[in-house]
Amino acid sequence: MIPQQKKHPGPFLALEATTENISVAQAAWSLSPEVMQFSESVWLVDLGATWSYWKHRAVGQHKGLAWLWRQLLERHFQSDATQLFGSDPGYRGAIAPHPWAALLLLNSQAQHQVAGLCTFEGKRGQRFWNRCSWNTWEATHRAAGGPFKQTLPKFDPGGFNRAVGRFAKTAQRLGFERPSFARSLPAQGVQNRYGLLLSQLWSHSFGAGPSQTDPFVWTSAQPSPPPSLHRVLDDSPVLWEQVEPSLKPDFDQLSKIAGTKQVLQMDWCLFLTEGEPVHLQLDFRHPHHLGSEQGHQQTALARSQLAFEAARSQGLHRLDREEEYCELPPVVGWDLTLTQCIDEPDLMLDLFGGLAEQGSGLDSLRRLENQLPIPLHRYQLHWDWQPENSYAEAGEFSDQEATAFAPGLLETAKNRPLLVRQQPARLEQPPRQLEFCESTSGHWWAASGDVNREYYRSNARGRSVWVFQNAQGQWYEQGLFS
Amino acid sequence: MNQLTETLTPLRADLEQRLAQKGLRLQSRPTVSHLRSGVQELDQFLGGGLRWGEISEWGLPLGKEGRRWVLPYLKAASQKNWCLWVSGYQDAEVFPPAFFAQGVRPERLVFAQSRRPVQELHAALIHSLFKLIVLDGSQGLTPGALAFLESKAREQRQAILVLRPFLLSNNQGNVWAKFRVNGWREPSGSYLLRSLRGLSQAELRCPGFS
């Protein structure tokens, strides 16, 4: 168990079983390698680690991510009994941008005795979020005492619980019936009266916005010993071409040890003729099943080659007592360890099982992405008239959402260029030879950003450039008609 | 494989015999040699369309809207096949809705940002998944790299389009491209495509694309 501050943005799933004898941990590890046991019954899953993979899968089904996760969880938790005698999906889950918000949402759902999955952004999730009672809020904080005591060195459970009780009582006396009503409470005031930790948690849930410091310490749970393999080499290869023939059968062997596990990260520890062992981290963009490439191991070898060549060229290895860098000395052996995996059982594969995706090329695309040093992108339309928000990575939103606005968005896009600047460039002089294109209104409700823009095509200097003037009269160049 | 051939050969012979009795002949499915854009004049100009298994080179200066000549092929290819568009510009990125607005299927179009695709996208360029590959503004396309791409395109019947952000000239040739053209939009609004090599017609003028 390694406590650490979370670096990637989530989202996070809080998960518990509503029926006995079903492993929540197994369900959690089928979704992401980043899993934390929060309490005896509740597990947290960081879905950010496998976000792009699930997006791919959702696209393959022409559905949204929430739909996909719901299907996966229902498959896992539905026992014969629940299928026969009731509509209880067998679990309760809540997805939110922060683990603390996910926990509160889960407990609010439990307070209303509702099972199934809800998301923070969804209508159902918002209903539970707004109806979260002070009792639920207090109970969630008290339940956090155990994990906080383990991870925060100066944590005083008694004092924290008293502060929580006082905060809830005072807020109710002030007329805030539920935590969601007390959004206006200033973070500084909460900190002065009830302490820093409570104020930070408040900021990450019902407060005005996330605090700069995240008090939530993630404690990654590790499944039983990770699949690994040790190899001693008879020869001492130096070049990749010499390493590859020995590495390929090792991946085949490792795939047998790993079973149904799909790898996201692998540690390749090289033992050299001199110096310390060198750890090479092999990252996969999508979970990769080694068993599916028995005999050729194209994907794993491609990732290994990239890491090996990078190590050689960057001179990762440094000779002892010498400041100069040199290439890797000959390799005498290695350890291969699957450090991050998801375990997606056959049951789940049956549901999507590649069947719907077979022939669509998505599976090939995922494999290809795992082999490349740079990412590939697929996009979809998004209902927003502002050019920079009018598209998103495929799978970010449900198909229905994009389809509803597609005719209007496509008509608008006909007069927009193929190439745009990453950031609009400010023009000192107003452009000449203007031809009006469109008038775009942005998010007037948002605090920042331009609200209105007038777009033109400028044909000066023999080039067709896409420019706009904002409400303040400033001119920007945003794209190039190419 | 041998077992399968052994099983199929007598079946084929039997079928041929039955067809012959009816005065018919077994013919293999004709392979489509061209990708047609749907713009008749353009297809005619290129000798029936874009040939599968070949590399072509296009001089399309930025800000001159010459890429409109390429989009009909991207649209046609994306209806059934996967397409890869590699953009090699450092300070600019693709704006996908403008591609979709021209009828390109979002589900079948994959983008990558790479200045040196031969190194960074090697596995993708040689993969049979992509039938149409557009390398826009790519660097490092040496004669050796182009020869390699040409052989792969021929082997896998892919169409590879190399787009240059400048007008091509005959001073610097590209022996691996089957044809070389320059394209742009004139101030009058009509689109112009001028052949440098490999095409019988010298010039094509198009008032616009629907």
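Refer to the structure printed above.
Rules and cut-offs
Per-chain numbering applies: the sequence of each chain, read as written, is numbered from 1 onward. Each chain gets a letter, beginning with A, and each ligand a number, beginning with 1, in the order they are written. Residues qualify for local features only when their pLDDT is at least 70, as the model is predicted, and side-chain atom pairs are given and counted only at 80 or more; totals for whole chains, interfaces and linings, by contrast, use all residues. The side-chain figures draw on all heavy atoms in the structure; neither hydrogens nor water molecules are used. Only runs of H or I of at least four residues qualify as helices and only runs of E of at least two qualify as strands under DSSP, and these elements are numbered from the N terminus. The cut-offs for exposure are 20% and 50% of the maximum accessible area for each residue type, with area from a 1.4 Å probe on protein chains only; residues under the lower value are buried, those over the upper are exposed, and the others partly exposed. In what follows, residue pairs with any heavy atoms lying within 4.5 Å of each other are defined as contacts. Counting rule applied: Lys, Arg positive; Asp, Glu negative; His and chain ends not counted. To locate a charge, take NZ of a lysine, CZ of an arginine, CG of an aspartate or CD of a glutamate. At least two bridges found by DSSP between two strands are what make those strands a pair. To define axes, lines are fitted to C-alpha atoms, for helices over the stretch in contact only, and angles between the resulting N-to-C directions are given on a 0 to 180 degree scale. Identification of polar contacts relies on pairs of N or O atoms within 3.5 Å, with a donor-acceptor requirement for protein atoms, meaning one able to donate a hydrogen and the other able to accept it, and with residues adjacent in sequence counted only if both atoms are side-chain atoms. Note on terminology: angles under 35 degrees are roughly parallel, angles over 145 are roughly antiparallel, angles of 65 to 115 are roughly perpendicular, and the others are oblique. Take the far helix as the reference: if the near one is turned anticlockwise from it by less than a right angle, the crossing is left-handed, and if turned clockwise, right-handed. Note that Gly is not counted as nonpolar here; it falls among the polar residues with everything else outside the nonpolar set of Ala, Val, Leu, Ile, Met, Phe, Trp, Tyr, Cys and Pro and the charged set of Asp, Glu, Lys and Arg. In this description, a nonpolar core means a group of buried Ala, Val, Leu, Ile, Met, Phe, Trp, Tyr and Cys residues linked to one another through side-chain atoms lying within 4.5 Å. The term salt bridge refers to a side-chain nitrogen of Lys or Arg lying within 4 Å of a carboxyl oxygen of Asp or Glu. Each pair of aromatic rings taken from Phe, Tyr and Trp, with Trp reduced to its six-membered ring, is defined by centres within 6.5 Å and is described as stacked if the planes are under 30 degrees apart, edge-to-face if over 60, and tilted in the remaining cases. Here, a charge over a ring means that NZ of Lys or CZ of Arg falls within 6 Å of the ring centre while also lying within 35 degrees of the ring normal. Accessible surface is computed with a 1.4 Å probe, and the buried area is the amount of it that two parts give up when combined, taken over both parts together.

Before going further, it helps to examine the overall build of chain B. When you go through chain B residue by residue, the secondary structure sums to seven helices and 11 strands. Going through the 210 residues of chain B one by one, you find that 52% of them count as buried. The long-range fraction of contacts in chain B, counting pairs at least 24 apart against all pairs at least 6 apart in sequence, stands at 63%. One finds the centroid of the 27 positive side-chain charges in chain B at a distance of 4 Å from the centroid of its 17 negative side-chain charges.

This brings us to the sheet that holds strand β3 (residues 54–59) of chain B. Residues and elements named next belong to chain B. Here we have eight strands laid out as an open sheet, ordered β6-β4-β7-β8-β3-β9-β10-β11, and mixed in their pairing. If you trace the sheet from one side to the other, it starts and ends with β6 (109–113) and β11 (203–206), each paired once. Each neighbouring strand pair of the sheet contributes to a mean axis angle of 20°, computed without reference to strand direction. Pairing of strand β10 (residues 191–197) with β11, which is carried by four bridges, proceeds in the antiparallel orientation. Of the residues in β11, the one forming a bridge with Leu193 is Leu204. Running at roughly 125° to β3, helix α7 (residues 143–156) makes contact with β3, β7 (130–136), β8 (159–164) and β9 (177–185) of the sheet.

Below, the discussion takes up helix α1 (residues 24–31) of chain A. All names here are of chain A. Within α1, seven of the eight residues are buried, leaving the element largely enclosed by the surrounding structure. Those residues of α1 that sit buried are Val24, Ala25, Ala27, Ala28, Trp29, Ser30 and Leu31. Here α1 starts with a cap whose side-chain oxygen sits 3.5 Å from the backbone nitrogen of Ala25, and that cap is Ser23.

Residue and element names in this part refer to chain A. Across the interface, helix α2 (residues 51–60) lies against helix α15 (residues 362–371) with an axial gap of 11 Å and an inter-helix angle of 165°. Taken together, the axes of α2 and α15 are roughly antiparallel relative to one another. Of the two elements, α2 crosses α15, and the hand of that crossing is right-handed. Residue-level contacts link Tyr53, His56, Arg57, Val59 and Gly60 of α2 to Leu362, Leu365, Arg366 and Glu369 of α15. When grouped by side-chain class, the residues that make up the contact of α2 with α15 number four nonpolar, two polar and three charged.

Moving on: the sheet that holds strand β6 (residues 116–119) of chain A. Residue and element names in this part refer to chain A. One open sheet holds the five strands; their spatial order is β3-β4-β2-β5-β6, and the pairing between them is mixed. The sheet is open, and its two edges are formed by β3 (35–37) and β6, each paired on a single side. On average, each strand axis in the sheet is tilted by 20° relative to the strand beside it, whichever way the strands run. Helix-sheet contacts for α1 involve β2 (12–17), β3 and β4 (43–46), and the interaxial angle to β2 is about 155°. Across the sheet, helix α5 (residues 99–111) touches β2, β4, β5 (91–96) and β6, and the angle it forms with β5 is around 140°.

As a rule of thumb, nonpolar side chains are buried together in soluble globular proteins. Counting residues in each nonpolar core, the largest one holds 54 residues, and the members touching the most others are Leu50(B), Trp58(B), Leu74(B), Trp85(B), Phe99(B) and Leu132(B). Considering every element that reaches this core, the biggest residue donor is helix α3 (residues 71–78) of chain B, with four residues. Among the nonpolar cores identified, the runner-up in size contains 45 residues, and Val164(A), Phe167(A), Leu197(A) and Phe216(A) belong to it.

For the rest of this paragraph, the subject is the environment of Ser195(B). Residues and elements named next belong to chain B. Within the secondary structure layout, Ser195 lies in strand β10. The sequence separation of Ser195 and Leu46 amounts to 149 residues, and the corresponding C-alpha distance is 9.4 Å. The residues contacting Ser195, other than those within four sequence positions of it, are Phe45, Arg180, Val181, Gln201 and Ala202.

Now for the pattern of salt bridges. All names here are of chain A. The tally for this structure, following the rule as stated, stands at 22 salt bridges over all chains. Its salt-bridge partner being Arg453, residue Glu388 comes within 2.7 Å of it at the nearest N-O pair. Of this pair, Glu388 sits in the loop between β12 (379–381) and β13 (391–393) while Arg453 sits in strand β16 (residues 452–458), and the two are 65 residues apart along the sequence. Glu388 sits in the partly exposed class, given a relative accessible area of 36%. According to the relative accessible area criterion, Arg453 is buried, its value standing at 7%.

Turning our eyes to something else, we now look at the pairing of β7(B). All names here are of chain B. Taken across its seven residues, β7 has six buried, putting it largely inside the fold. Judged from the six bridges that link them, strand β4 (residues 82–87) and β7 form a sheet pairing that is parallel. Bridge pairing links Leu84 to Ile133 in β7. Bridging between β7 and β8 involves five bridges; their strand directions are parallel.

The residue Gln305(A) is located in helix α13 (residues 298–314) in this model. C-alpha separation for the pair Gln305(A) and Leu185(A), spaced 120 residues apart in sequence, amounts to 55 Å.

So, on to the packing of aromatic side chains. Using the criterion set out here, one finds 40 aromatic pairs over all chains in the structure. Ring centres of Trp129(A) and Phe206(A) lie 4.3 Å apart, and the angle between their planes is 20°; on these two criteria the pair is classed as stacked. With Trp129(A) in helix α6 (residues 123–130) and Phe206(A) in the loop between α11 (196–204) and β7 (217–220), this pair connects stretches of sequence that are 77 residues apart. Phe206(A) shares its class with Trp129(A); the two are buried. Relative to Tyr191(B), the ring of Trp69(B) lies with its centre 6.4 Å away and its plane at 85°, an arrangement referred to as edge-to-face. Taken together, the residues Trp69(B) in the loop between β3 and α3 and Tyr191(B) in strand β10 connect sequence positions 122 residues apart. Taken together, Tyr379(A), Tyr391(A), Tyr455(A), Trp466(A), Phe468(A), Tyr476(A), Trp85(B), Phe95(B), Phe99(B) and Phe111(B) form an aromatic cluster joined through their ring pairs. Note that Arg457(A) overlies the ring of Phe481(A), its terminal NZ or CZ placed 3.9 Å from the centroid. Over the face of the ring belonging to Trp52(B) we find Lys131(B), whose NZ or CZ atom lies 5.2 Å from the ring centre.

On the chain A side, the residues contacting the 41 residues of chain B number 37 residues. For chain B, the biggest contributors to the area lost against chain A are Gly63(B), Glu93(B) and Phe95(B); these three give 19% of the whole. Joining chain B to chain A, the criterion identifies one salt bridge. At the junction of chain B and chain A, the tally comes to 12 residue pairs in polar contact (both at pLDDT 80 or more). Here the residues of the side of chain B that touches chain A sort into 24 nonpolar, eight polar and nine charged. In terms of strand pairing, strand β14 (residues 419–427) of chain A meets strand β5 (residues 92–94) of chain B through three bridges, oriented antiparallel. Each residue of the ladder has a partner; that of Val420(A), found in β5(B), is Glu93(B).

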